[in-house]
Amino acid sequence: MEEVCLNSEPVFDDGDDYEVEGDSSGVGCDDETGENCSKKKRSEPTVGLEFDSFDEAYDFYNVYGKEQGFGIRVSNSWFRSKRKERYRAKLSCSSAGFKKKSEANNPRPETRTGCPAMVVIRLVDSKTWRIVDVELEHNHPVNPQIKRFYKSHKRMVLAAKKAQPPPEPVTEVHTIRLHRRALMNTGCNVYLNVDEMGHADHVDHFKHLELKEGDALAVYNYLCRMKLTNPNFFYLMDLDDEGRLRNVFWADARSRVAYGFFCDTVTIDTTCLANRYEMPLISFVGVNHHGHSVLLGCGFLGQESKEYFVWIFRAWLKCMQGHFPEVIITDQNKPLQSAVSEVFPNARHCYNVCCITQRVPERLGGLQGYEAIKRQLNKAVYNSLKIAEFETSWADMIKCHGLGDNKWLQTLYEERQAWVPVYLKDIFFVGMIPIQEHESLNAFFDGYVHKHTSFKEFVDKYDLALHRKHMKEAMADLESTNSSYELKTRCNFEVQLSKVYTKEIFRKFQSEVEGMYSCFNTKQVRVNGQIATYIVKERVEVAGSEKEVRHFEVLYDTSQADIRCICSLFNYKGYLCRHAMNVLNYNGVEEVPSRYILPRWGKDYKRRGLLDLNPGDIDVNNPIYWHNLLYRFAIPVVEVGAQSSDHYKIALQELEELLKRFNLAEDNLV
């Protein structure tokens, strides 16, 4: 599919000092006939490469651009004010920056994409020019096989013809203008004309986003504004060959950094697509160290097809620098399933049980005995501790109510291993799936999006939603760091974890500690080498005020301090259950083993470090890496600085001084 990616700071036409837009002083040469081209032309631009003149440097980059399939221009030039002598220049891809807004009634369509590809050259002595900075990556397709006549290449042809005059009079060389069609119903400035996959006729059957008047302009203006104010903001747009917007994806700097911390389990929320909202929103959501949902990117999808899902998944993966999540949770959807299998082949893919149970009234509501069917279905799904229990309960429901021919239930049963909790006990969900009947999870944009929310209305609310979520996290960080927790028992486990967990996670763990007192008659029933099997009985509520006694099997390996309960709360939620703690207590263990205290729930988790990556996988010269590392070190400054008035003043003073030094360093470059 075609795509436009603006993933670097836009280079606008307003330069530093004296800027010459579209400088033509560097006249190129043809690969075969140019006399000024040196042997350097066949290599890639690299820092340190030197040239005998500005023209030679321009020629080198122009020839390289032609070989790769893009044109170039001089986007910025710096001159010594007294002698008008150029001493520095930026040679950019012809798609760099954006044109200035025109006041004309029918302005020309924008053809630039804010492409970051460029080289910066500097005069190091009276004649020698050296490359001092290079960016080779483009945010748009480049292909030398596509015959586009860029202005810089036209100059190469003219120079060649001057060098070797033809026997016949030279005819005028015309520039072929490639008019790109604008986004429908808008005057916004995103265009493209090249299909990334090299296909020109395969997209006719694809749908595009159904935009109302002002929607596309609002979306694009928002993305451009964010990119200007936040260089680490990422967005990608997918257009059809008529210039209509099919898909769009974006993620801000906070989302990209958050993924470094919380990339273990990701929910892909397609509620707006499934419920046919006017705005086809798709969200990538994780869970932070407080157990709160955190946005990891979102977008708009033109239709629910495998091709469209694949596009937006790859866009998200590109944004996150190719780091895959371990677990992906989605709705039950065939195109979605196929796309996840293609883009995330090594991730564990599960269906969101909430999405399935929410469809029960729609799918089964008209059946005789619906309430009894619903009760039996929920019992099979949520109360089964063993696979055999689920199989028996499901079979009883089907037989009792004559549901053998129900296609929907047949499909659910065939795919049971992807959504029924009892089949998913070996997967780490960090609380992102419900394991009790009345447990529900709210969507990230719950309260901000409804069935008739427009694109324009959403982008207006988007910043507000994220601001409130960030404030909620900041307040939770402050409360977890500065406040002491109220202890409700005398259990050592509670005291131990009160010093480690964030407030919200500790509150949930604390309920398990309190639940230890509803357990009784812990009994060892088997021993196999170092592994002992225990049965823990618990009185649990089943309906209203009714209670029943349930038996929970717990395995405990004394040599490895390894403990596992059949309820699998640790895998579902990330902290030990009451049954396991009862067995530890029974064996005289006074502290929760360290392997069951996950760092991701710690008060200082974000302070201790970002995602541990193989050093070989990290590009230390990548601005995203710089941003993430600086963010990591800035977090403790903010946290400690907010603890008192004195700390606040010191932090603010030092930060202001640091910004002054940045400005001074920037001035010295010029």
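Analysis parameters
- Residues numbered from 1 in each chain as written.
- Predicted model: local features only at pLDDT ≥ 70, side-chain atom pairs only at ≥ 80, totals over all residues.
- Heavy atoms only, no water.
- Pairing = 2+ DSSP bridges.
- Helix = DSSP H or I, 4+ residues; strand = E, 2+ residues; numbered from the N terminus.
- Contact = heavy atoms within 4.5 Å.
- Axes fitted to C-alpha atoms, helices over the stretch in contact; angles between N-to-C directions.
- Parallel < 35°, antiparallel > 145°, perpendicular 65-115°, else oblique.
- Nonpolar A, V, L, I, M, F, W, Y, C, P; charged D, E, K, R; others polar.
- UniProt positions renumbered as here; feature names shortened; annotations may be inferred.
- Buried < 20%, exposed > 50% of the residue type's maximum accessible area, 1.4 Å probe, protein only.
- Phe/Tyr/Trp six-rings, centres within 6.5 Å; stacked < 30°, edge-to-face > 60°.
- Left-handed = near helix turned anticlockwise from the far one by under 90°.

Description of the sheet that holds strand β4 (residues 85-93)
Working step 1: The strand order across the open sheet formed by 5 strands is β2-β6-β5-β4-β3, and the pairing between neighbours is antiparallel. Two strands close off the open sheet at either side, each with one partner strand: β2 (50-51) and β3 (72-80).
Working step 2: As paired strands, β2 and strand β6 (residues 129-135) are joined by 2 bridges and run antiparallel to one another. Across the sheet, the residue bridging to E50 is R130, located in β6.
Working step 3: Contacting β2, β3, β4, β5 (118-123) and β6, helix α1 (residues 54-68) crosses the sheet at an angle of about 5° to β4.

Points about the side chain of H579
Working step 1: With respect to the secondary-structure elements, H579 resides in helix α17 (residues 578-586).
Working step 2: Those residues in contact with H579, other than ones at most four positions away along the chain, are C519, V536, E538, F552, V554, C565 and C567.

Section: the packing of helix α3 (residues 215-229) against helix α13 (residues 455-482)
Working step 1: Where α3 contacts α13, the two axes come as close as 7 Å, and the packing angle between them is 25°. Here α3 lies roughly parallel to α13, going by the angle between them. Contact residues: α3 offers D215, A218, V219, Y222, R225 and M226, while α13 offers F455, K456, V459, Y462 and D463.
Working step 2: Looking at the contact of α3 with α13 residue by residue, the classes come out as 7 nonpolar, no polar and 4 charged.

Thoughts on the UniProt feature "domain: SWIM-type" (unreviewed entry) in the protein
Working step 1: In this numbering, the UniProt entry assigns the feature "domain: SWIM-type" (unreviewed entry) to residues 552-588.
Working step 2: For residues 552-588, helix accounts for 38% and strand for 27%, while the C-alpha atoms at its two ends are 20 Å apart.

Looking at the pairing of β3
A regular strand places its side chains on the two faces of the sheet in alternate fashion.
Working step 1: Extensive coverage of β3 is indicated by the burial of 8 of its 9 residues.
Working step 2: In this structure, β3 lies alongside β4, joined through 8 bridges in antiparallel fashion. Counterpart to F79 in the pairing with β4 is R86.

Focus: the packing of aromatic side chains
Working step 1: Counted by the stated rule, this structure contains 37 aromatic pairs.
Working step 2: Their ring planes at 80° and their centres at 5.7 Å tell us that Y501 and F509 sit as a pair that is edge-to-face. F509 shares its class with Y501; the two are buried.
Working step 3: Taken together through their ring pairs, the aromatic side chains of Y222, F233, Y235, W250, F300, F444, F445, F455, F458 and Y462 make up a single cluster.

Description of the packing of helix α10 (residues 370-382) against helix α11 (residues 387-401)
How two helices sit against one another is set out by the angle between their axes and by the gap between those axes.
Working step 1: Running from amino to carboxyl end, α10 crosses α11 at an angle of 165°, the nearest separation of the two axes being 8 Å. Our classification of the angle between α10 and α11 gives roughly antiparallel. Classified by chirality, the crossing of α11 by α10 is left-handed. From α10, A372, I373, Q376, L377, A380 and V381 reach across to α11, where they touch F390, S393, W394, D396, M397, C400 and H401.
Working step 2: Of the residues that constitute the contact of α10 with α11, the class distribution is 9 nonpolar, 3 polar and 1 charged.

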